[in-house]
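Chain residues, written in single-letter form:
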Amino acid sequence: MTEDTNLFAARRLGFGLRLGEDLPVSPRDWAMEQIRAIPKLDFYDVGGQPLASLPADAALTDYAQSCLRFGEENSAEEDILKTHGDDEDFWKVFAKYWEIPHWGVAMAATLSAINGPGPVFERFWQFWCNHFTASTSTGHGKTLIGAHVQTIRAAMTGSFETMLQDAVVNPATIYYLDAVYSAGPHSRAGKTFSLNENLGRELLELYSVSPAAGYTQADVVETALMLTGWAFTSGPKHKSSAVYFPGAQPGRVFFKDYHEPGKRVVMGKTYAADDKKGGQIFALIKDLASHPSTAKFIATKLAIAFIADQPPQESVDRIAAAFTASNGDLVTIHSAVIDEVLSVGPNFTKFTKPSAWLQQAHRTLGTMPTIQPPSAQHLSNGLSALYKDLGEVFGGPPQPNGWPDTEADWLSQANLDRRMRHANAISSSLKPTVADDLTKYVERLAGAGSPLAVACANSGVVHDIAVMMLVSPQFLRT
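Please read all numbers here as calculations on a predicted model, not as lab measurements.

Rules and cut-offs
- Residues numbered from 1 in each chain as written.
- Predicted model: local features only at pLDDT ≥ 70, side-chain atom pairs only at ≥ 80, totals over all residues.
- Heavy atoms only, no water.
- Core = buried A, V, L, I, M, F, W, Y, C linked by side-chain atoms within 4.5 Å.
- Buried < 20%, exposed > 50% of the residue type's maximum accessible area, 1.4 Å probe, protein only.
- Contact = heavy atoms within 4.5 Å.
- Phe/Tyr/Trp six-rings, centres within 6.5 Å; stacked < 30°, edge-to-face > 60°.
- Lys NZ or Arg CZ within 6 Å of the ring centre and 35° of its normal.
- Axes fitted to C-alpha atoms, helices over the stretch in contact; angles between N-to-C directions.
- Helix = DSSP H or I, 4+ residues; strand = E, 2+ residues; numbered from the N terminus.
- Parallel < 35°, antiparallel > 145°, perpendicular 65-115°, else oblique.
- Nonpolar A, V, L, I, M, F, W, Y, C, P; charged D, E, K, R; others polar.
- Polar contact = N/O pair within 3.5 Å; in protein donor to acceptor, adjacent residues only side chain to side chain.
- Salt bridge = Lys/Arg side-chain N within 4 Å of Asp/Glu carboxyl O.

Draft legend 1. Expanded view of the nonpolar core. By size, the foremost hydrophobic cluster in this structure holds 135 residues, and its most contacted members are W128, F132, L164 and I281. For F132, the contacting residues outside a window of four places in its chain are H148, I152, F160, M163, L164, A167, V168 and Y207. By size, the runner-up hydrophobic cluster in this structure holds six residues, among which are I80, F90, V93 and Y97.

Written as structure tokens, this is what we have:
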């Protein structure tokens, strides 16, 4: 006996099944139903209800609110410098504006995966957040990351074009890739600021067509010039902020004094000047979203994430065909991935990334991560620190290409040791009454009579059974 069909689908497309749980309908119907609507991102408890109390600073915010926080932090830090505040004063500011907001969105994303109503939706959302990563390696990135991932979430039932536009031309990405003060050489600000190519390069290389499209360095420069002028502001009351633009409200803004005037040419197509409103970049994004190289690139990434490290070309081609035929409709694309996972996926195994492993462990056992936010005394506390310890910082990959999805990048002795430690912690609260359900789950996972099932049956200790299961090859892979 091998892992049953329902459990495979729940683990590969979502975060597994709870002890004693089964799918209410067929795997395909179960998965398809979840991708057609956007569930609320929330701090769900084990019963699927929102937690009663959380720190106010952990509340999820939109871009306007996040940009205001950005300015407030700058002002608070400057006030401390003026009054010669001590380290404790600084730590309070950093906890309030950096660590607690980062912890809040990490906790909401984790609890939505573990206890929310749409685990399949959450898995696809996590894929897109990783594709359009905006790093939290700097404090201000932690302030903006919540609005960034919520913007991606809001586009999940629309088109790839809309998601691409919203995920690229926004404060978090503009800040992360140093485009906030990128200026065209012939713009009014060109004598003070220079052109930064980072965001233009990543738009082509990582977010859409990929190098397979054959674009040139000149295309990168032209794309970067199109993006000039697009920035964000922390609002008119924060004039001391590093992102202050006179008269602008908090959030994304087009500031024409930074924009390179004139027409641009990218990959052989000419884009008319739009020096007052900055619409050039959106015309380019529309073309990039429908480019054949984009369909193939995105299909390949989805197939690697959900099917196999080296997915069959036929699966990639079918997902790419769905992308093209639907004009990038994300529900259609996700449906094609689901079909490939259910038909082809059982022929391959996928090693589980640290975040998905942690979320699956809690969902399976019905346990909760510790709800312990950071503080001025313990700045790197709770869930954020846990993800870091497992090797996959929430929203903080080391490079703009996001966290990898292949086994070679995650299977190591050090990573396994970390998972062993956390498996012990996760299993410590289990009660003896779950013994029968836990034993049956192991049999579903590895097969009755398998070495894992026999070892667990011989143990008889719930904690030990759970730890053996969580670090077993069968649970580490799907």
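Draft legend 2. Summary view of the packing of aromatic side chains. Going through the model one piece at a time under the given rule, you end up with 25 aromatic pairs. Here the guanidinium or amino end of K96 rests over the ring plane of Y97, the centre of that ring lying 5.4 Å away. Sitting above the plane of the W125 ring, R153 keeps its charged end 4.6 Å from the centroid.

Draft legend 3. Inspection of the packing of helix 1 (residues 5-13) against helix 18 (residues 435-446) at higher detail. Where helix 1 contacts helix 18, the two axes come as close as 9 Å, and the packing angle between them is 85 degrees. The orientation of helix 1 relative to helix 18 falls into the category roughly perpendicular. In this structure, helix 1 uses N6, L7 and R11 to contact helix 18, whose residues at the interface are Y441, R444 and L445. Residues of the contact of helix 1 with helix 18, tallied by class, amount to three nonpolar, one polar and two charged.

Draft legend 4. Up close: the side chain of T364. With respect to the secondary-structure elements, T364 resides in helix 15 (residues 354-365). Using a relative accessible area of 0% as the deciding quantity, one classes T364 as buried. A polar contact of 2.8 Å, which involves the side chain of T364, links it to the backbone oxygen of Q360.

Draft legend 5. Geometry of the environment of G447. Inspection of the secondary structure assignment puts G447 in the loop between helix 18 and helix 19 (451-459). Counting along the chain gives 443 residues from G447 to D4, while the straight-line C-alpha distance between them is 8.7 Å.

Draft legend 6. Quick look at unusual backbone geometry. Despite not being glycine, S210 has its phi angle at roughly 70 degrees, a positive value. You can see S210 is positioned in the loop between helix 9 (198-205) and helix 10 (217-227). Residue S210 is classed as buried on the basis of its relative accessible area, which comes to 7%. Even without glycine at this site, M267 takes up a positive phi of about 50 degrees.

Draft legend 7. Looking closely at the pattern of salt bridges. Applying the stated criterion across every chain, the model contains 18 salt bridges. R201 serves as the salt-bridge partner of E197, at 2.8 Å between the closest nitrogen and oxygen.

Draft legend 8. Looking closely at helix 10. For helix 10, the tally of buried residues reaches eight of eleven residues, placing the bulk of the element in the interior. Listed in full, the buried residues belonging to helix 10 are D219, V220, E222, T223, A224, L225, M226 and L227. The secondary structure elements touched by the buried residues of helix 10 are helix 9, strand 1 (230-233), strand 3 (264-266), strand 4 (269-271) and helix 11 (280-289). Following helix 10 by one or two positions, G229 adopts a phi angle in the positive range, close to 95 degrees.

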